[in-house]
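Here is what each chain is made of, one letter per residue.
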Amino acid sequence: DVKVTQSSRYLVKRTGEKVFLECVQDMDHENMFWYRQDPGLGLRLIYFSYDVKMKEKGDIPEGYSVSREKKERFSLILESASTNQTSMYLCASSPHNTGELFFGEGSRLTVL
Amino acid sequence: TQLLEQSPQFLSIQEGENLTVYCNSSSVFSSLQWYRQEPGEGPVLLVTVVTGGEVKKLKRLTFQFGDARKDSSLHITAAQTGDTGLYLCAGRQTGANNLFFGTGTRLTVIP
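Per-chain numbering applies: the sequence of each chain, read as written, is numbered from 1 onward. Starting at A for chains and at 1 for ligands, labels are handed out in the order in which the entities are written. With pLDDT at 70 or above as the cut-off, local features in this predicted model cover only qualifying residues; side-chain atom pairs require 80 or more to be listed or tallied, and sums for whole chains, interfaces and linings still use all residues. The basis for every side-chain value is the complete set of non-hydrogen atoms in the structure, without hydrogens or water.

Chemist: What am I meant to see in the sheet that holds strand S8 (residues 71–76) of chain B here?
Modeler: Remark on secondary structure: sheet strands pair via backbone hydrogen bonds, oriented parallel or antiparallel. Residues and elements named next belong to chain B. Here, strands pair whenever DSSP counts at least two bridges between them. Elements are defined by DSSP. Helices are runs of H or I of four residues or more, strands are runs of E of two residues or more, and each kind is numbered from the N terminus. The strand order S1-S3-S8-S7-S6 describes an open sheet built from five strands, whose pairing is antiparallel. Both edges of this open sheet fall to strand S1 (5–7) and strand S6 (55–58), since each of them pairs with a single strand only. When the angles between neighbouring strand axes are averaged without regard to direction, this sheet yields 15°. Here the axes come from fitting lines to C-alpha atoms, over the contacting stretch only for helices, and the angles between their N-to-C directions go from 0 to 180 degrees.

Chemist: Looking at this structure, how should I read the layout of surface pockets?
Modeler: Here the idea is plain: a probe the size of a water molecule rolls over the atoms and shows the empty space left. Put simply, the largest pocket is a space of about 470 Å³. For cavity detection a 1 Å grid was placed over the protein atoms alone, and a set of points counts as a cavity when a 1.4 Å probe fits there but cannot get out; an open set counts as a pocket when protein lies on both sides within 12 Å along at least five of seven lines, with lining residues being those that have an atom within 4 Å of a point. Around the largest pocket, the lining is made up of 26 residues, and of these Gln37 and Arg108 of chain A together with Gln37, Leu86 and Arg106 of chain B lie nearest the centre. Among the secondary structure elements, those contributing two or more residues to the lining of the largest pocket are strand S5 (31–38) and strand S10 (87–94) of chain A together with strand S9 (85–92) of chain B. The classification used treats Ala, Val, Leu, Ile, Met, Phe, Trp, Tyr, Cys and Pro as nonpolar, Asp, Glu, Lys and Arg as charged, and all other residues, Gly among them, as polar. Looking at the lining of the largest pocket residue by residue, the classes come out as eight nonpolar, 11 polar and seven charged. Grid points are joined across faces, edges and corners, and a volume is the space filled by probe spheres set on the points.

Chemist: What should I look at first to understand the environment of Gln80 of chain B in this one?
Modeler: All names here are of chain B. Among the structural elements, Gln80 can be located in the loop between S8 and S9. The classification of residues rests on relative accessible area computed with a 1.4 Å probe and restricted to protein chains. Under 20% of the type maximum is buried, over 50% is exposed, and intermediate values are partly exposed. Residue class for Gln80 comes out partly exposed when judged on its relative accessible area of 38%. Taking C-alpha positions, Gln80 is 36 Å from Ala96, a pair spaced 16 residues apart along the chain. The criterion used for residue contact is that any of the two residues' heavy atoms lie within 4.5 Å. Residue contacts for Gln80: discarding those within four places in its chain leaves Glu15, Arg60 and Val109.

Chemist: It is not clear to me how the nonpolar core should be interpreted in this structure. Could you clarify?
Modeler: A general feature of soluble globular proteins is that nonpolar side chains tend to end up buried together. Working definition of a nonpolar core: buried Ala, Val, Leu, Ile, Met, Phe, Trp, Tyr and Cys residues. They are joined through side-chain atoms within 4.5 Å. Ranked by internal contacts, the top residues of the largest apolar core, which has 23 residues, are Leu19, Leu32, Trp34, Leu74, Ile76 and Leu107 of chain B. Put simply, the parts of the chain that give this core at least two residues each are strand S2 (10–14), strand S3 (19–24), strand S4 (31–37), strand S5 (44–49), strand S7 (61–65), S8, S9 and strand S11 (105–110) of chain B. Filtering out sequence-adjacent residues up to four positions away, Ile76 of chain B remains in contact with Glu17, Asn18, Leu19, Arg60, Leu61, Asp83, Tyr87 and Leu107 of chain B. Residues Val4, Tyr64, Phe74 and Cys91 of chain A belong to the second largest nonpolar core, which totals 21 residues.

Chemist: I tried to follow the packing of aromatic side chains on my own but got confused; where do I start?
Modeler: To describe a pair of aromatic rings, you give the distance between the ring centres and the angle between the ring planes. Between the rings of Phe, Tyr and Trp (Trp by its six-membered ring), a pair exists once the centres lie within 6.5 Å; its type follows the angle of the planes, with under 30 degrees stacked, over 60 edge-to-face, and the other angles tilted. Enumeration according to the criterion identifies nine aromatic pairs over all chains in this entry. With centroids separated by 5.7 Å and ring planes inclined at 45°, the aromatic side chains of Tyr35 of chain B and Phe101 of chain B adopt a geometry described as tilted. In this pair, Tyr35 of chain B sits in strand S4 while Phe101 of chain B sits in strand S10 (residues 100–101), placing the two residues 66 residues apart along the sequence. Among the aromatic residues, ring-to-ring pairing joins Phe33, Tyr35, Phe48 and Phe103 of chain A together with Tyr35 and Phe101 of chain B into one connected group.

Chemist: Where do I start with the side chain of Glu54 of chain B in this structure?
Modeler: Position of Glu54 of chain B relative to the elements: it lies in the loop between S5 and S6. Setting aside its immediate chain neighbours within four residues, Glu54 of chain B contacts Thr48, Val49, Phe63, Gln64 and Phe65 of chain B.

Don't take any of this as a statement about function, it's just geometry.
This is the structure:
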C-alpha cells in the first residue's frame, strides 16, 4: 500500500522555537511538496522539490526552509516559529510529469 | 492572488438531494483536478480533466471542464452521507510543476 507518512500529527511549540516536520514517501516519486492549509484559503504551496538536493520556492516560502537529502524524505523547517505559522501542514509527492498528488495525513502545528 | 475561486464555500444538504460545486478562474489551465478531503486525512484525488468541454463521471459524481479550460464544475446526484467532506479543485498551468488549489467547498450531507 503506497504511502506518504508525516512524522507528527499534532505539535505544540512556543514562539521562537525551531520546528522540524518530516515527510517520507515509499513510492519512489521524484516530486515532493509542502503545503499549508488554512480555512478559506485552500492549500498554499510553501516549497517543492523535483529531485534530491533540489528545491524551489512556492507561493509562501517566507519563514520556512526545506531539506531533501534523500529521494524519499522531504523536511520542512521553521527556524523560529511564530504564531502566524499555526496551521495544518500537508506533505505530498507525485511522479515526475504526472498530475496526481499523494498526500500525507497532515501535521497540525500550534505555536503559542 | 487567488487563482481559483470555489463556490459555495459551505454547503449543507439533505441526503438524496443533488448539488453542484463550481471552480472558477480567469487563468487557463492545461489540466484540472478535483480532490476530496475527509476530516483528519489528506486530500485524495477524484479525477483529472485535461480537454476543454470534457465530462467525466465517477459513479454519482459528474465533473466538467469548461470549454476555455478556465473553470470546472462538480455535480453530485442523490448525495449520501459518505459524500461529506472538503472538495478542492486544483489547476496546473502549462509547463508548471505545481498545482494551484482552490479555496475549497465544505459539503455536509445530513441523513
